[in-house]
Amino acid sequence: MTDVGLVLPQLGPVTDRHVIKDVAQAAEDMGFAHLWVQDHFMYALDQEGEYGGSASAQPEVYKSVYAPLEVLAAVAAWTERIGIGSSILVAGNHWPVQFANELATIDQLSGGRLTAVGLGVGWSHEEHRAVGVDPRTRGRRIDEFVEVLKKCWAEDPVKHHGEFFDVPRSVIRPKPYQKPRPRLMSGMWSEKGLRRTALHYDLWNPGSMPIAQAAETLAGMNDMRPDGLEPLNVIYRAALQSTAGKTLTVEQVAERTVEAAEQGFEAVIIETNFCSDITSRQDWLDKVADLQPVLDAAHA
């Protein structure tokens with residue numbers, strides 16, 4: 001059996017606290033396994049380079065994005081059982097010691113419901129510069145970021161002296177509720193990113209590539225996996241409507257969920273933030289209710 005999760009309402013003009021709360025509670029009642037957030041905080045009107053997804057420019061819904069960690073904390077309070085996670089947070093938007101503290105706090109307050117912490121290098125040069133990060137260093141920075149994050153979640157005292165981060169000998173608490181720590185999930189796709197994933201992460205989030213391609217790539221990464229580490233697994237992401245407007249029917253998502261289960265993938269998470277037919281709170285709730293066949297397929 002493969003679990004099914006849902007990406008929370010977070011983008012666009014329809015989203016507000018009522019929509020987020022109602023969708024989170026509806027998803028928990030329906031039996032979704034977990035709820036997920038993503039990470040952007042500004043819409044640059046003069047953009048350098050191309051949007052990092054499947055479109056040449058950012059979708060309009062990115063003009064309003066609720067902050068991911070704050071949404072996770074609110075949803076943890078509004079629900080009781082359902083898991084929560086990030087798919088994907090941009091390492092360049094954060095600083096690892098504060099990030100470790102924030103996520104450990106969320107994990108403690110939710111009673112250990114932090115399913116996974118997804119991290120990627122990001123694509124927006126403008127966002128990186130806005131937080132004082134040189135986008136040209138994002139690959140090396142994320143490697144050191146993950147190293148510091150793991151240290152913060154391990155035994156005190158914590159100490160680190162590196163190219164990007166300097167942490168004096170310190171006590172950093174709370175530690176996560178989960179032991180030894182929440183799992184880390186990579187959202188990276190490049191050759192270097194796949195190697196990073198194999199060496200330093202627990203899960204991979206490949207987006208909406210064909211299931212067979214994701215399985216083949218996963219096998220290649222596990223061949224690179226250091227001895228002593230558990231094999232990587234996949235939390236697959238399927239969008240009902242992509243950033244370029246390509247659509248999948250609920251039936252097609254259900255079919256992909258069955259394929260994912262056959263490949264042994266841990267979970268499928270469903271993205272609906274880019275659906276152009278969502279124009280109201282009720283549209284959000286209807287869209288979630290319409291996903292029942294995916295849950296049925298996963299549990300068959």
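Structure first, text after, so check above.
Residues numbered from 1 in each chain as written. Predicted model: local features only at pLDDT ≥ 70, side-chain atom pairs only at ≥ 80, totals over all residues. Heavy atoms only, no water.

Quick notes on the nonpolar core
Thought 1: Membership of the largest hydrophobic core comes to 74 residues, with the highest contact counts inside it found for Leu-6, Phe-32, Phe-99, Leu-119, Phe-265 and Ile-270.
Thought 2: The residues contacting Phe-99, other than those within four sequence positions of it, are Leu-69, Leu-89, His-94, Val-117, Leu-119, Phe-145 and Leu-149. (Core = buried A, V, L, I, M, F, W, Y, C linked by side-chain atoms within 4.5 Å. Buried < 20%, exposed > 50% of the residue type's maximum accessible area, 1.4 Å probe, protein only. Contact = heavy atoms within 4.5 Å.)

Some points on the packing of aromatic side chains
Thought 1: What the rule picks out here adds up to five aromatic pairs.
Thought 2: Ring geometry for Tyr-62 against Phe-274: centres 5.8 Å apart, planes inclined by 65°, an arrangement best described as edge-to-face. Highlighted residues: Tyr-62 in the loop between strand E2 (34-37) and helix H2 (68-78) and Phe-274 in the loop between strand E10 (267-271) and helix H9 (281-289), separated in sequence by 212 residues.
Thought 3: A ring pair is formed by Phe-164 and Phe-165, whose centres lie 6.3 Å apart and whose planes are at 50°; its orientation type is tilted.
Thought 4: Judged by its relative accessible area of 23%, Phe-164 is partly exposed.
Thought 5: The exposure class of Phe-165 is buried, given its relative accessible area of 6%.
Thought 6: Each residue in the set Trp-95, Phe-99, Phe-145, Phe-164 and Phe-165 is aromatic and connected to the rest through ring pairs, giving one cluster.
Thought 7: Over the ring of Tyr-43 we find Lys-63; its NZ or CZ atom is 5.3 Å from the centre of that ring.
Thought 8: In this arrangement the basic side chain of Arg-141 is found over the ring face of Trp-95, its NZ or CZ atom lying 4.6 Å from the centre. (Phe/Tyr/Trp six-rings, centres within 6.5 Å; stacked < 30°, edge-to-face > 60°. Helix = DSSP H or I, 4+ residues; strand = E, 2+ residues; numbered from the N terminus. Lys NZ or Arg CZ within 6 Å of the ring centre and 35° of its normal.)

A look at helix H3 (residues 96-109)
Thought 1: Taking 1.5 Å of rise per residue, 14 residues should cover 20 Å, and H3 covers 20 Å from first to last C-alpha, within 8% of that figure.
Thought 2: If you follow the buried residues of H3, they end up packed against H2, strand E3 (83-90), strand E4 (114-120) and helix H5 (138-152).
Thought 3: In the segment just after H3, Gly-111 is the residue with positive phi, at about 70°. (Expected span 1.5 Å × (residues − 1).)

A closer look at the packing of H2 against H3
Thought 1: Close contact between H2 and H3 brings their axes to 10 Å; oriented N to C, the two are set at 15°. Considering their axes alone, H2 and H3 lie roughly parallel with respect to each other. When you trace H2 past H3, the crossing you get is left-handed. Along its contact with H2, which presents Leu-69, Leu-72 and Ala-73, the element H3 presents Phe-99, Glu-102, Leu-103 and Ile-106.
Thought 2: Grouping the amino acids of the contact of H2 with H3 by side-chain chemistry returns six nonpolar, no polar and one charged. (Axes fitted to C-alpha atoms, helices over the stretch in contact; angles between N-to-C directions. Parallel < 35°, antiparallel > 145°, perpendicular 65-115°, else oblique. Left-handed = near helix turned anticlockwise from the far one by under 90°. Nonpolar A, V, L, I, M, F, W, Y, C, P; charged D, E, K, R; others polar.)

Topic: the sheet that holds E4
Hydrogen bonds along the backbone pair up the strands of a sheet, which may run parallel or antiparallel.
Thought 1: Ordered by their spatial adjacency, eight strands build a closed barrel running E1-E2-E3-E4-E7-E8-E9-E10, and the pairing between neighbours is parallel.
Thought 2: Sheet topology note: the strand E8 (residues 203-204)/strand E9 (residues 233-239) ladder contains two bridges and is parallel. Counted as the bridge partner of Trp-204 is Val-234 from E9.
Thought 3: Each of E2, E3 and E4 is contacted by H2, which is oriented at about 175° to E3, the strand it contacts most. (Pairing = 2+ DSSP bridges.)

Thoughts on the side chain of Ser-87
Thought 1: Counting through the fold element by element, Ser-87 comes out in strand E3.
Thought 2: Here the side chain of Ser-87 touches Asn-205 through a polar contact of 2.6 Å, side chain to side chain.
Thought 3: Ignoring anything within four residues of it in the chain, the contact list for Ser-87 reads Trp-36, Val-37, Gln-38, Met-185, Asn-205, Arg-237 and Ile-269. (Polar contact = N/O pair within 3.5 Å; in protein donor to acceptor, adjacent residues only side chain to side chain.)

What to know about unusual backbone geometry
Thought 1: Geometrically, the link from Ser-87 to Ile-88 is a cis peptide bond, its omega value of 5° lying close to zero.
Thought 2: Looking at the element boundaries, Ile-88 is found in strand E3.
Thought 3: The step from Arg-173 to Pro-174 runs through a cis peptide bond, and the omega angle for that step is 10°.
Thought 4: Take Pro-174: it is sitting in the loop between strand E6 (166-170) and strand E7 (184-186).

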